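# Commentary on secondary and tertiary structure
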Amino acid sequence: MRSTTMPPSIREATFEVMRRHGMTTIFSNPGSTEVSFLVDLPDDIHFVLALHEGSVVGIASGYAIARREPTFVLLHTTAGLGNAVGAIATARVNHAPLVIVVGQQDRRHLALQPFLAGELEGLAGTYPLDVISPVRAQDVPSAIGRAAHTAMTGQGPVLVIVPMDDWEATVDPGARASAETLFQPETTPTDLGELPDLIAASESPVIVAGSANDSEDGWVTLVGLAERLGAPVWQEAFGSRAGFPQDHRLYRGQLPADRTRVHQALAGHDLLVVVGAAALRQYTYADDLLVPEGMRVVVITADHEEARRSPADLSVLGDPAGIVRALASQVPRRNVTLPDRLLRNPAGLEGGAFRAAQVFAQLDRVFGPDAIIVEESPSTRPLLEDIIPTRRPLGFLSAAMGGLGFAMPAAIGLKMALPDRPVIAVVGDGSSLYAIQSLWTAAHQGVSVLFVVMANGRYAVMDRLADRQQGKPPWPAFPEVSIGGLARSFGCPAQRIEDAAALEKSLHELELSAGPMLLEVVVPVEENFAP
Ligand SMILES: Cc1ncc(C[n+]2csc(CCOP(=O)(O)OP(=O)(O)O)c2C)c(N)n1
Ligand SMILES: [Mg+2]
C-alpha cells in the first residue's frame, strides 16, 4: 500500500484521467506487459475480456458509437495490436472514438529487444488518428487525456504505447500537459458562401444522405431541407449508417455503387447535394463520368478528408446538421410533388419457399422500428435494406469499409451501451467466423443480442463475383460448419431454423433480456443479387 504522503503512481493518475473522460470500462485481451496495470483494479473500473483482439476492438467500437464517448481499449504489444489492425481500420472509417493503450516491454531494457518487445509505432499504419509514444513515464496520463480529446474531435481511434514499468513510476506534480476539459460549442453558421445561391439556381436538386448524418438532429434538419426543396433523397451506397428516415415519402432507396447505375438513378437532376458523406462511394468501377454530364455537386461534411477528396463544385466543411439547418432557412420553398416510392409489402413476402426475404420480414414484424440492425450479410444486404427500412437514428450499422468480423462484436458493444433497444446482428455464415469468439463475451457478460446467421454454407457473394468472371473459384463451400455448435461451445445458446414456422416460434419464445441467442437460419443462395 502506498502511504498517503507519497505522490500517486502513474497508474493511479491514469485512472483519474480515465474517470474524467468517462472511460471506466476497459475492453481488453491482455498479456504480461499489461499485468502491472490491471491487477487489483479499483472497484469503479470495469474490465471486459474478449478472446481475440479483433473482437476486443469491435465490441469497443460498438460501445463507443452508441455512447458517443471515448472508449478505453488495452492491447498486448505486437501480437495484440497486429491482430487488431483490421478492426482499428474499421473503427477509423466507422468514426468510433477509441483510446487504445498498447502495452510495451520494460523501458529499462527495450534497447536490447527483450522477449515481447514490439515495433509498435507504424504497425497500424495511418489508420489511427494519432500514435503517441510518451517520452517519459511522467507523460503517460496526459498522453491518454490528449488521446481522448483527439478521439472525440477526430472521431476515430488513437494509440498510446506504454512500457510496462511506467505504471509504477510516481507522478511528478508539474507534469500536467493535456486540457482537463475540451469544450466544442455547437454553432449554426450564418455565412454559407455560395451554397444558398447554388441551390436556389437549381431546377431539380437531389440529395444523398450519408452515414455521418445519422443523428436525431441530422435527420430532422435534412427532412426539413428535402421537404422545402421537394427533393428526392437517396442513401449513400454501402453506408455504415442511415442518414435519413427510410419510411419518408421523399426517400428513394440506396444509391447504386457504380457510375452507370448512378446515372440512371440521378437522371433529370441538375444539382447533387451530398450530406454527411463524400461524393460518391463506389464499389465496382464503371468507365463513365462519376455523375451525369452538367450536374453540379455540393458536399456538406465535417470530415476534412471527405471534403477535400470529393470531386465537387463546392465542399462545405462543418457539422452537417448545423449547416443544413441554416441552409433551409436561406433557400426558397419549391412547389413540387413527387410520387411516393413504391415500397415492398413485407406481408407479400411470407409464404412460398423459406428464404432470406421471409426472415427479414419476420424480424421486422417482431422487433419493429426501434431495433438496431447490425448488418454483415453480403449477398442479402440489398434485400435486408429494402425490407427493413431504418426508421430511427442508429437503426442500422455496418462496417464502413467492408472488412468482415465487425457486426458480431459491434452488436455486443452497442447492446452493452443501449440495453433498452433490441439489437439484432444479421450475419452471413462466412462473416460470422471472423469474430466468432466474441459470442463468449456476450454470454459471459449476459449481453442480450440476437444473432441471426444466414447459413447458406458458402461465400455466396464471392461465388457470384467468380461467375461474373466466367471462371471457377478455387474456394470450396463449407456446409459442414455448424455455427450453432460453435456458439454453444462459447456458452451462447443456439437454435437451427429450417422453416418459417420454426422461426416464428423461436422469435415468439425469445426472451429479449435473457442473454444472447444465436439463430442459425438455413437459407438457399439468393437467385437475384448483384454484388
Ligand atoms: C476480413 C475479410 N476477409 C475477407 C473478405 C472478403 N469477403 C467479402 S464477402 C466474403 C464472403 C462472405 O460470406 P458470407 O458471410 O457467408 O455471406 P454470403 O456471401 O454467403 O451472403 C468474403 C470472404 C472481407 N470482406 N473481409
Ligand atoms: Mg454464406
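In what follows, the structure referred to is the one given above.
The present account deals with the structure reproduced in this document. (Residues numbered from 1 in each chain as written. Chains lettered and ligands numbered in written order. Predicted model: local features only at pLDDT ≥ 70, side-chain atom pairs only at ≥ 80, totals over all residues. Heavy atoms only, no water.)

### A look at the overall build of the chain
Within the chain, the regular secondary structure consists of 18 helices and 18 strands. A principal-axis box enclosing the C-alpha atoms of the chain has dimensions of 75 × 60 × 45 Å. Here the contacts in the chain between residues at least 6 apart in sequence split such that 76% fall between residues at least 24 apart. For the chain, the computed accessible surface area is about 22900 Å², with 52% contributed by carbon and sulfur atoms. (Helix = DSSP H or I, 4+ residues; strand = E, 2+ residues; numbered from the N terminus. Contact = heavy atoms within 4.5 Å. Areas by Shrake-Rupley, 256 points an atom, 1.4 Å probe, with all protein chains shown as cover.)

### What to know about the pairing of strand 11 (residues 296–301)
Among the 6 residues in strand 11, 5 count as buried, and that is most of the element. Relative to strand 11, strand 10 (residues 271–275) runs parallel, the two sharing 5 bridges. Looking at strand 11, one finds that Val 275 is bridged to Ile 300. Relative to strand 12 (residues 314–317), strand 11 is paired through 4 bridges, and the arrangement is parallel. Its bridge partner being in strand 12, Val 299 is matched across the sheet by Ser 315. Between the parallel pair strand 11 and strand 12, the chain is carried across by helix 9 (residues 304–309), and the sense of this crossover is right-handed. (Buried < 20%, exposed > 50% of the residue type's maximum accessible area, 1.4 Å probe, protein only. Pairing = 2+ DSSP bridges. Right-handed = clockwise from strand over helix to strand, strands pointing away.)

### A short note on the coordination of the magnesium ion (ligand 2)
For the magnesium ion (ligand 2), the full set of protein donor atoms is Asp 429 (OD), Asn 456 (OD1) and Arg 458 (O), at a range of 2.1 to 2.2 Å. Site description for the magnesium ion (ligand 2): donor spacing in sequence, D-x26-N-x1-R. (Donors = N, O, S within 2.8 Å, 3.2 Å for Na, K, Ca; no water.)

### Quick word on helix 13 (residues 407–417)
Buried residues dominate helix 13, accounting for 10 of its 11 residues. Restricting attention to buried positions, one finds in helix 13 the residues Ala 407, Met 408, Pro 409, Ala 410, Ala 411, Ile 412, Gly 413, Leu 414, Lys 415 and Ala 417.

### Details of the side chain of Asp 429
When you line up the elements, Asp 429 lands in helix 14 (residues 429–432). No salt bridge is formed by the buried Asp 429; its nearest oppositely charged neighbour, Arg 458, is found at 7.4 Å. Beyond its immediate chain neighbours, meaning those up to four positions away, Asp 429 contacts Val 453, Met 454, Ala 455, Asn 456, Gly 457, Arg 458, Phe 478 and Ile 483. (Lys, Arg positive; Asp, Glu negative; His and termini not counted. Salt bridge = Lys/Arg side-chain N within 4 Å of Asp/Glu carboxyl O.)

### Focus: unusual backbone geometry
The omega torsion across Ala 279 and Leu 280 is -25°, close enough to zero to call that bond cis. With respect to the secondary-structure elements, Leu 280 resides in the loop between strand 10 and strand 11. Positive phi is not limited to glycine here, since Gln 113 has a value of about 50°. With respect to the helices and strands, Gln 113 occurs in the loop between strand 4 (98–104) and strand 5 (130–132). Residue classification places Gln 113 among the exposed positions, given a relative accessible area of 51%.

### Quick word on the packing of helix 3 (residues 53–67) against helix 4 (residues 77–93)
Between helix 3 and helix 4, the least distance of the axes is 7 Å, while the angle of their chain directions is 30°. The angle between the axes of helix 3 and helix 4 places the two elements in the roughly parallel class. Where helix 3 crosses over helix 4, the handedness of that crossing is right-handed. Contacts between helix 3 and helix 4 involve Glu 53, Gly 54, Val 57, Gly 58 and Ser 61 on the former and, on the latter, Gly 80, Asn 83, Ala 84, Ala 87, Ile 88 and Ala 91. Of the residues belonging to the contact of helix 3 with helix 4, the class tally is 5 nonpolar, 5 polar and 1 charged. (Axes fitted to C-alpha atoms, helices over the stretch in contact; angles between N-to-C directions. Parallel < 35°, antiparallel > 145°, perpendicular 65-115°, else oblique. Left-handed = near helix turned anticlockwise from the far one by under 90°. Nonpolar A, V, L, I, M, F, W, Y, C, P; charged D, E, K, R; others polar.)

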